[in-house]
Amino acid sequence: MFNDIGPLELVTIIVLAVLVFGPDKLPKVIQDVMRTIRKIREFSESAKEDIRQELGPEFKDFELEDLNPKTFIRKHLDSDELGLKEIRNGFDLKKEMAEVTDAVHSRDTDPSPSPSGSGAAGSGRLDMTKKPEDPGTDDRPPYDADAT
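Keep in mind it's a predicted model, so treat the numbers as computed, not measured. Along each chain, numbering runs from 1 in the same order as the chain's sequence is written. Predicted model: local features are reported for residues with pLDDT of at least 70 only, side-chain atom pairs are reported and counted for 80 or more only, and whole-chain, interface and lining totals are derived from all residues. Note that water and hydrogens are dropped before the side-chain values are worked out from all heavy atoms of the structure.

Caption draft 1: Quick look at the overall build of the chain. What the chain contains, in helices and strands, is six helices and zero strands. Looking at the chain residue by residue over its 148 residues, the buried ones come to 8%. With residues, only the protein chains shown are counted as cover, and all accessible areas are computed by Shrake-Rupley using a 1.4 Å probe. Accessible area for the chain stands at about 13,800 Å²; split by element, carbon and sulfur atoms hold 61% of it. Think of it this way: any DSSP run of H or I at least four residues long counts as a helix, any run of E at least two long counts as a strand, and we number them from the N terminus. For each residue, the accessible area found with a 1.4 Å probe, counting protein chains only, is set against the maximum for its type, and the residue is called buried under 20%, exposed over 50%, and partly exposed in between.

Given below as structure tokens:
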């Protein structure tokens, strides 16, 4: 509940409590606060039990904390049913980035020769650093009269 209160803040709260309530009334105030907190906890637990009873046996493992979106997502994504851990472990970001870098710098990472000739063109990569070959005088692009 008070996970983010440091020692300096705790000392400040104690000093303020002693100054406001006085050293003689402080134990009585602490007891009253603790009694109130216990009653609130008992009330919330009985409300949870009433909700579970009203929902029926299908929701016997239902927790109200699961209604928090972060908890709900964490619970369902951390389960091993989806196989997300295998997907997450199978993805190597460094390897993917190296492949992208090699593709940008037109280096072929696949050492196996391709049957179509050059390695970059055969692997489906386009070499952007090469200038396109000029077509010969006899190599005209196809002309479609209907398209113009």
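Picking up where we left off.
Caption draft 2: Region of the structure containing the side chain of R52. Note that R52 resides in helix 2 (residues 26-55). Contact definition: two residues touch when any of their heavy atoms are within 4.5 Å. Apart from the residues within four sequence positions on either side, R52 is in contact with K60, F62 and E63.

Caption draft 3: Structural detail: helix 2. Under the convention used throughout, the expected extent of a helix is 1.5 Å for every residue step, that is, one less than its residue count. With 30 residues, helix 2 should cover 44 Å at 1.5 Å per step; its first-to-last C-alpha distance of 44 Å lies within 8% of that length. Turning to helix 2, its buried residues number three or more, namely L26, K48 and R52. Remark: G56 follows helix 2 within two positions and exhibits a positive phi of approximately 100°.

Caption draft 4: Structural view of helix 5 (residues 93-104). Between its first and last C-alpha, helix 5 extends 16 Å over 12 residues, near the 16 Å set by a 1.5 Å rise per residue. Downstream of helix 5 by one or two residues, S106 has phi in the positive range, about 55°.

Caption draft 5: Seen up close, the confidence of the model for the chain. Scored between 0 and 100, pLDDT is the confidence that the predictor attaches to each residue. Averaged over the chain, the pLDDT score is 76; the fraction of residues at 70 or greater is 68%. Across residues 111-122, confidence stays below pLDDT 50; counting only partners more than four residues off in sequence or on other chains, it has six contacts.

Caption draft 6: Broad picture of the pattern of salt bridges. Basic side-chain nitrogens of Lys or Arg form a salt bridge, by our definition, when they fall within 4 Å of a carboxyl oxygen of Asp or Glu. Under the counting rule described, the total for this entry stands at four salt bridges. Between D32 and R35 there is a salt bridge whose closest N-O contact spans 3.0 Å. With D32 and R35 both in helix 2 and three residues apart, the pair spans about one turn of that helix. Owing to a relative accessible area of 29%, D32 belongs among the partly exposed residues under this scheme. Of the charged contacts in the structure, one is a salt bridge between E49 and R52, with a shortest N-O distance of 3.1 Å.

Caption draft 7: Spotlight on the side chain of K48. Within the secondary structure layout, K48 lies in helix 2. In this view, K48 contacts L64 and E65; residues no more than four positions away in its chain are not counted.

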